[in-house]
Amino acid sequence: MNSHPPTPRARGALSRRNLLRGGLAAGGLGAVAATSGCGSPLAAGLAGTQLNPGTVTFWNLFGGGDGARLQLMLDEYRRQQGSTESLQAATFAWGNPYYTKVSLATLGNKPPDVAVAHLTRASNLAAAGLLAPITDDVLALAGLASSDFNERAWEASKFEGQAYAIPLDTHPWVLFFNADVCQAAGLLGPDGELAPIEGLEAWEAALTAGKEASGGFGATTATVADDSNNWRFFNTVYSQREGNTPLIDDEGLSVTMNDELAVDTLATMRSWVEKGLMPATVDTPGAETLMFTGKSAFFMNGEWEVTTAQSIEGLNFGMTAFPTLFDRPAAHADSHAFVLPRMERDDAQLERAMGFVKSLLDQGMTWAEGGHIPTYLPTFESSEYQQLEPMSNYADAASYASYDPPAWYSGSGSNFETVTGATIGLVQQGLTKPADAVAGIRAALENYAKTANPL
Amino acid sequence: MSAQTVGAQPAVTNVPRGDEGQTGGRQRSAWLFIAPFGFFYVCFLLGPSLYMFVASFFDTSIVKNGLGNFIGLENYSALMQSRDFWSSMWHTLQFTIYTVPPLVILSFVFAVLANRMPRGSTFWRLAFFTPYILPSAAISLIWVFIFTADTGLWATVQKWLGSEAPTPVLGTPSLAMVGVAIATIWWTIGFNFILYLAGLQDIPRELYEAAAIDGATPWQQIRHLTIPLLSRTTTLVLLLQIIASLKIFDQVYLMTSGGPGTSTETALVFITKTGFTDFRIGAAAAASFLLFVVIVAIAVIRQLAERAQQKGA
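Within each chain, residue numbers correspond to sequence positions counted from 1 in written order. Numbering of ligands from 1 and lettering of chains from A proceed in the order in which they are written. pLDDT decides what is reported in this predicted model: residues at 70 or higher carry local features, side-chain atom pairs at 80 or more are listed and counted, and totals for whole chains, interfaces and linings draw on all residues regardless. Heavy atoms from the whole structure form the basis of all side-chain values; hydrogens and water molecules are not counted.

Observations regarding the overall build of chain B
- Per the secondary structure count, chain B includes 14 helices and 0 strands.
- Here a helix means four or more residues in a row that DSSP labels H or I, a strand means two or more in a row labelled E, and each is numbered from the N terminus. Helices and strands appear in chain B in the N-to-C order α-α-α-α-α-α-α-α-α-α-α-α-α-α.
- Compactness check: chain B gives a C-alpha radius of gyration of 24 Å against a globular reference of 20 Å for 313 residues, more than 25% above the reference.
- Along the three orthogonal principal directions, the C-alpha set of chain B runs to about 75 × 65 × 35 Å.
- The rule is simple: take the accessible area with a 1.4 Å probe, protein chains only, and divide by the maximum for that residue type; under 20% is buried, over 50% is exposed, in between is partly exposed. Classification of the 313 residues of chain B by burial places 38% in the buried group. The globule rule used here is 2.2 Å times the number of residues to the 0.38 power, and the radius of gyration it is set against is calculated over C-alpha atoms.

Dropping the structure here:
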């Protein structure tokens, strides 16, 4: 909001209305003023009306760089609408807490007009009956059609054949590299980009070279305090292997993990730590700092960390898809999407909500600059995006993205990710043996698998 | 809380009894005065508790209307076989074991010391009590910052002491609960501290003077005067502390959200997760009821212990 100087009127200049309102309140008639449409939460709650008629309420879970970027987009929407009152946006803690809030607010008939959800979670919200369907008519309100979106993502937004979410992006797990360190380690091609790394041996050689050049580590990623990250790392590597099977199947009713392959994958991941190529205990900011300060050649995380990396002065870095170490390319991914929580909406409200979604989709380039691969084709196919560096380097990761297996307890930040990720982290830290970890994961998942689906 | 009601009792019995009509009127007004509390008690405690008990026999889902299907004791039997439930109960107990002894003993020690300070006792009282007035969210932020892996204050201290790879307290399953316990002790010690201070004020100074004249050392005074005379305060503090520790939720939720994995998932975190994140209200109700039974059992045992103690005295 700071980028748009307020008009003198908006900043509470002494207008006749304000004076009158103040006078009423001072005269002990504050209650009248409060209920007369200036949007007191109490009055709206008691009357069961909308808090601020004409305002779009929007909930999201974007922290860090994503949050900063989103703020730009929200400001742009407010500018388009010509009023700061047009939008009320709230950001909540990521993961289960966020989805619990969205669910309970919807059940309590006080949901936001528009909310962000991961596609892996949206299907559960839809199954629980908490979302309004996104029909062609709804899309048409904002001049959109389902053909405007990446087909794979659009299909993933469906539950029982009906779309319930409008996908905004695909966000794969990627490889960040410190270009200076990689240059010193001889890992860069003549074009200044990372020379392709193919296969396990090449990967370990690259890590070793990176370790020597940096004097620290070859690669870093969080092993502590970020269960989802541990799971993403494992899922990326495991999904690249021939013979991998989803950890769970039948909508979560059965555990189908290939135990042998999982043990071997974990042992391989752990061996990188044992060889000193990766740190055993580090959290996300720590892992990031190591790469940013040249103490590591690589850093692995979701592409969204690009905004943080860009904010580091003098950091010469690049991004690429996670190399194919085994039999086929794969990278853990999910998609952010817009959902319309179920509520009584009049046409104007629905149109306003869709107008807001459209405005954010139209600002897809701003979002793409944050590392995300746009699913809105007009943005994805634009020459602007195709030339966007280093983001377009991994754009095809969307085509081999490995999502969480569907279940009522899975999805980004879910119980599934927590229990699997925590155990994987323990292996990385050397506190659990791979075989014990896989047995533990299996036991935990079987516990969920036999629990009746509450949706 | 201090047991100084003895003097007030005759005054109550000396009030002349009115006739039947008056008593009826007084009863009515008593009911009226209690009514607002009664209303909230029924609406927000008894009612929901009853609903909880009933729901524990159904496969109630928060996203479906009504109670769902009647499944008898299935929720309970599933819980009995659930590793997660038992481990959450164990974590609750673990937290209680970690926090109750220090919170009782340390608050006693600090109260005695602060009480003996010739000057600046206000400062010490304030110093020990101030953390208690902070919200749990602030406490959690402070301690998460201290325990941040690799770069936090604690990791830095460990590095000063020569550790190459400091242990991430909140990221290690065996240590995470200790971290939460330390934060809790620092946060809540002020409450017990105040209770003990109040108890200490009730001990007549003459007793100490008499003891001092008889040649009792400060330690003997504490051992033979302070501790026995504070025994009632101690039983109260102990009970309140055990119940408070069994209800541990905020710090765990905010500092570790039950992690790593489920290694700090306490009973209330398990119940919240089951009920509101997994939508399984029926199962959460059954778990709540079991926790309720445990807490009541502990309160009853404590009551019996106190009765035995009084008989012994």
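Here's the deal with the UniProt feature "domain: ABC transmembrane type-1" (unreviewed entry) in chain B
- UniProt positions are given in the numbering used here, feature names are shortened, and annotations may be inferred rather than shown by experiment. The UniProt record annotates "domain: ABC transmembrane type-1" (unreviewed entry) at residues 89-302 of chain B.
- End C-alpha to end C-alpha, residues 89-302 of chain B measures 20 Å, and it is 77% helix and 0% strand.

Some thoughts on the domain arrangement of chain A
Residue and element names in this part refer to chain A.
- Domain start and end points were adopted from an automatic or database domain assignment. Segmenting chain A into domains produces domain 1 (31-167 + 336-374) and domain 2 (172-333 + 405-449).
- Between domain 1 and domain 2, the C-alpha centre-to-centre distance is 32 Å.
- Any two residues having at least one pair of non-hydrogen atoms within 4.5 Å are treated as being in contact. The interface is formed by 16 residues belonging to domain 1 together with 18 residues belonging to domain 2.
- Summing both sides of the interface, domain 1 and domain 2 together bury roughly 1,100 Å²; the carbon and sulfur share of this comes to 47%.
- Salt bridge criterion: a side-chain nitrogen from Lys or Arg within 4 Å of a carboxyl oxygen from Asp or Glu. Counting the contacts that link domain 1 with domain 2 gives 0 salt bridges.
- For this analysis, a polar contact is any N or O atom pair within 3.5 Å, provided that within protein one partner can donate a hydrogen and the other can accept it, and provided that sequence-adjacent residues contribute only side-chain to side-chain pairs. Seen at the junction of domain 1 and domain 2, the total is 8 residue pairs in polar contact (both at pLDDT 80 or more).
- For the side of domain 1 that touches domain 2, the elements supplying multiple residues, two or more each, are α3 (64-81), α4 (96-107) and α5 (119-127). Joining two parts hides part of their accessible area as seen by a 1.4 Å probe, and the buried area is that hidden amount summed over both.

A closer look at the sheet that holds strand β2 (residues 87-91) of chain A
All names here are of chain A.
- As summarised here, the arrangement of the 5 strands in space is β2-β1-β3-β14-β6, forming an open sheet in which the pairing is mixed. Where the open sheet ends on each side, the last strands, each with one partner, are β2 and β6 (166-167).
- Note on method: axes are straight lines fitted to C-alpha atoms, helices fitted across the in-contact stretch only, with angles between N-to-C directions ranging 0 to 180 degrees. Across the sheet, α5 touches β3 (114-118), β6 and β14 (336-339), and the angle it forms with β3 is around 115°. Strand pairing is assigned whenever DSSP detects at least two bridges linking the two strands.

Structural notes on the confidence of the model for chain B
All names here are of chain B.
- Of all residues in chain B, 92% attain a pLDDT of 70 or more, and the chain-wide mean is 86.
- Helix α6 (residues 136-146) holds the highest mean pLDDT among the elements of chain B, 93, whereas helix α1 (residues 9-14) holds the lowest, 45.
- Confidence of the prediction at every residue is given by pLDDT, a number between 0 and 100. Across residues 1-15, confidence stays below pLDDT 50; counting only partners more than four residues off in sequence or on other chains, it has 6 contacts.
- Across the whole predicted complex the pTM is 0.81, and at the interface the ipTM reaches 0.76.

Concerning unusual backbone geometry
Residue and element names in this part refer to chain A.
- Cis geometry marks the peptide bond from Glu 389 to Pro 390, where omega comes out at -5°.
- Within the secondary structure layout, Pro 390 lies in the loop between α17 (383-386) and β16 (401-402).
- With phi around 55°, Glu 251 is a residue other than glycine that occupies positive phi space.
- The exposure class of Glu 251 is exposed, given its relative accessible area of 55%.

With respect to the pattern of salt bridges
All names here are of chain A.
- Going through the model one piece at a time under the given rule, you end up with 12 salt bridges over all chains.
- Its salt-bridge partner being Asp 75, residue Arg 78 comes within 3.2 Å of it at the nearest N-O pair. Separated by 3 residues within a single helix, Arg 78 and Asp 75 lie in helix α3, roughly one turn from each other. One exposure class covers both Arg 78 and Asp 75, and it is buried.
- Between Asp 264 and Arg 241 there is a salt bridge whose closest N-O contact spans 2.8 Å. Residue Asp 264 is found in helix α11 (residues 259-274), and its partner Arg 241 is found in the loop between α10 (227-239) and β9 (248-249); the two are separated by 23 residues along the sequence.
- Each of Asp 259, Arg 442 and Glu 446 takes part in one network of salt bridges that share partners.

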